[in-house]
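Spelled out from the first residue to the last, the chains are:
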Amino acid sequence: MATLVIAEHDNASLKGATLNTVAAALKIGGAVDVLVAGQDAAAAAQAAAAIPGVGKVLHADAPCFAHGLAEAVAAQVLALIPAAGSAYTHVIFAATASGKNIAPRVAARLDVAQISDITKVVSADTFERPIYAGNAIATVQSADAVKVITVRSTGFDPVAGEGGSAAIEVIAPVADAGKSSFVGSEIARNDRPELTAAKIIVSGGRALGSVEKFNEVLTPLADKLGAALGASRAAVDAGYAPNDWQVGQTGKIVAPQLYVACGISGAIQHLAGMKDSKVIVAINKDGEAPIFSVADYGLEADLFVAVPALVAAL
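Novice: Even after reading the chapter, I still don't get the overall build of the chain, so can you show me in this structure?
Specialist: Tallying secondary structure elements over the chain gives eight helices and 15 strands in all. In terms of overall dimensions, the chain is globule-like: its C-alpha atoms have a radius of gyration of 21 Å, near the 20 Å expected for 314 residues. Overall size of the chain, expressed as C-alpha extent along the three principal axes, is 65 × 40 × 40 Å. The buried share of the chain, reckoned over its 314 residues, is 46%. Within the chain, counting contacts between residues at least 6 apart in sequence, those at least 24 apart form 64% of the total. Here the chain has roughly 14700 Å² of accessible surface; of this, 51% comes from carbon and sulfur atoms. Here the chain contributes 22 positively and 29 negatively charged side chains, and the mean placements of these two sets differ by 3 Å.

As structure tokens, then:
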């Protein structure tokens, strides 16, 4: 039994979600190999080799992998898993935009069921995953010869990023099928921590009323705490915050050490994205708001008074 982890990286370093995915792979048992498919990605391969518990790093280097296009990476994964007699019994991805793009292609070509968003490994063929916006946990057992899995990073503590000494094996890259090509990207630059990797998140809801108030009230608190900024879907839909700040079932799933919810009522879709946070602080003038049901600390107060007072106290 062996597991193949598909690393996420920027060709220079690994994304944090890869460490959570390796943690899940180690719980499955057996050997754990990591695939690093990129262009000039030797540094990322070296980083993968330093992860404790990894037995081998497979490094495929070609221009078609430069931007992690799903068609190219899926083809490389499939090349490592022949239809019969594959050494890999599990292929696992992080449940990120990239992982969710590649994994279904691999599962479909292998004609197996994909097991999505696992949060716990019960055994090598049995896993837990949330359903109904996290209000129920399904236990899923698979009899497929190769199990294709995506891992919800908040369900597994990341392994250490150093201390290992895995061998790096350079493998032949698959030929570019030419089914897709990278045209360009518009990347928003942000000095704050990336939302899914942040240890502290300050999040705002529709109660803030405008983009100006959102920035005026929450930015000083985030600056004081060294936090990432998040938002509820209602705030994003109202235009108070950019889409990539959205936390929730249809946004980003986060589990920081501290989550500060300001003016967020706590709709079930939002709770599904942040209720695994270690400490939750809620500030809302509505004492009946559902957010208080998951909060470790709740303050029933006007956020326009309470948040500036908190900033001043800090």
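Novice: Help me understand helix α1 (residues 16-28) in this model?
Specialist: Note: α-helices contain 3.6 residues per turn, so residues at a spacing of three or four share the same orientation. Burial analysis of α1 places 10 of its 13 residues in the buried class, the great majority of the element. Restricting attention to buried positions, one finds in α1 the residues Ala17, Thr18, Leu19, Asn20, Thr21, Val22, Ala23, Ala24, Ala25 and Ile28. Buried residues belonging to α1 abut β1 (2-6), β2 (31-38), β4 (90-94), β6 (120-123), β7 (126-131) and β9 (147-151). Just downstream of α1, Gly29 is the residue with a positive phi angle, here 100 degrees.

Novice: Explain the sheet that holds strand β14 (residues 279-283) to me, please; I cannot follow it from the model alone.
Specialist: Strands pair in a sheet through their backbones, by hydrogen bonds, and they do so in one of two ways: parallel or antiparallel. The strand order across the open sheet built from five strands is β12-β11-β13-β14-β15, with neighbouring strands paired in parallel fashion. Whereas interior strands pair on both sides, the edge strands pair on one side only; in this sheet they are β12 (228-231) and β15 (297-299). The average undirected angle you get between the axes of adjacent strands in this sheet is 20 degrees. Relative to β15, β14 runs parallel, the two sharing three bridges. Along β15, the bridge assignment pairs Ile283 with Leu299.

Novice: Teacher, can you tell me more about the pairing of β7 here?
Specialist: With three bridges joining them, β6 and β7 adopt antiparallel strand pairing. Each residue of the ladder has a partner; that of Ser123, found in β7, is Thr126. Hairpin connection between β6 and β7: a loop of two residues separates the two successive antiparallel strands. Looking at chain direction, β7 and strand β8 (residues 136-141) are connected through six bridges and run antiparallel.

Novice: How do you make sense of the sheet that holds strand β10 (residues 167-171) when you look at a structure like this?
Specialist: One open sheet accounts for seven strands, arranged β5-β9-β4-β1-β2-β3-β10; its pairing is parallel. Lying at the two open borders of the sheet, with one neighbouring strand each, are β5 (114-118) and β10. Sheet twist, expressed as the mean angle between neighbouring strand axes with direction ignored, is 25 degrees. Strand direction decides the pairing type here: β2 and strand β3 (residues 56-61), joined by six bridges, are parallel. By the bridge assignment for β3, Gly38 is matched with Asp61.

Novice: Looking at this model, I keep getting lost on unusual backbone geometry. Mind explaining?
Specialist: In this structure, Asn11 is a non-glycine residue whose phi angle is positive, near 75 degrees. Mapping Asn11 onto the fold places it in the loop between β1 and α1. Using a relative accessible area of 15% as the deciding quantity, one classes Asn11 as buried. Phi is positive for Asp117, which is not a glycine, with a value near 60 degrees. In this structure, Asp117 sits in strand β5.

Novice: Sorry if this is basic, but what is going on with the pairing of β14 here?
Specialist: A regular strand places its side chains so that they alternate between the two faces of the sheet. Summarising the sheet, strand β13 (residues 258-262) and β14 pair through five bridges and their orientation is parallel. What sits directly across from Ala261, in β14, is Ala282. Where the polypeptide runs from β13 across helix α7 (residues 268-274) and back to β14, its parallel neighbour, the crossover connection is right-handed.

Novice: Would you mind going over the environment of Ala133 with me for this structure?
Specialist: Considering the arrangement of structural elements, one finds Ala133 in the loop between β7 and β8. In sequence terms Ala133 and Arg206 are 73 residues apart; their C-alpha atoms lie 21 Å from each other. Not counting residues within four places of it along the chain, the set of residues in contact with Ala133 comprises Gln249, Ile268, Ala272 and Lys275.

Novice: Help me understand the nonpolar core in this model?
Specialist: Soluble globular proteins tend to pack their nonpolar side chains together in the buried interior. If you look at the biggest cluster of nonpolar residues, it comprises 31 residues, and the most contacted ones within it are Phe65, Val77 and Val106. Looking at this core, the element that brings in the most residues is helix α3 (residues 70-79), giving six residues. When sequence neighbours within four positions are dropped, the list of residues in contact with Val106 reads Ala74, Val77, Leu78, Phe93 and Val148. Core analysis: the next-biggest nonpolar cluster, separate from the first, contains 30 residues, Leu19, Ala24, Val36 and Ala49 among them.

Parameters at a glance
Residues numbered from 1 in each chain as written. Predicted model: local features only at pLDDT ≥ 70, side-chain atom pairs only at ≥ 80, totals over all residues. Heavy atoms only, no water. Helix = DSSP H or I, 4+ residues; strand = E, 2+ residues; numbered from the N terminus. Rg over C-alpha atoms; globule rule 2.2 N^0.38 Å. Buried < 20%, exposed > 50% of the residue type's maximum accessible area, 1.4 Å probe, protein only. Contact = heavy atoms within 4.5 Å. Areas by Shrake-Rupley, 256 points an atom, 1.4 Å probe, with all protein chains shown as cover. Lys, Arg positive; Asp, Glu negative; His and termini not counted. Charge placed at Lys NZ, Arg CZ, Asp CG, Glu CD. Pairing = 2+ DSSP bridges. Axes fitted to C-alpha atoms, helices over the stretch in contact; angles between N-to-C directions. Right-handed = clockwise from strand over helix to strand, strands pointing away. Core = buried A, V, L, I, M, F, W, Y, C linked by side-chain atoms within 4.5 Å.

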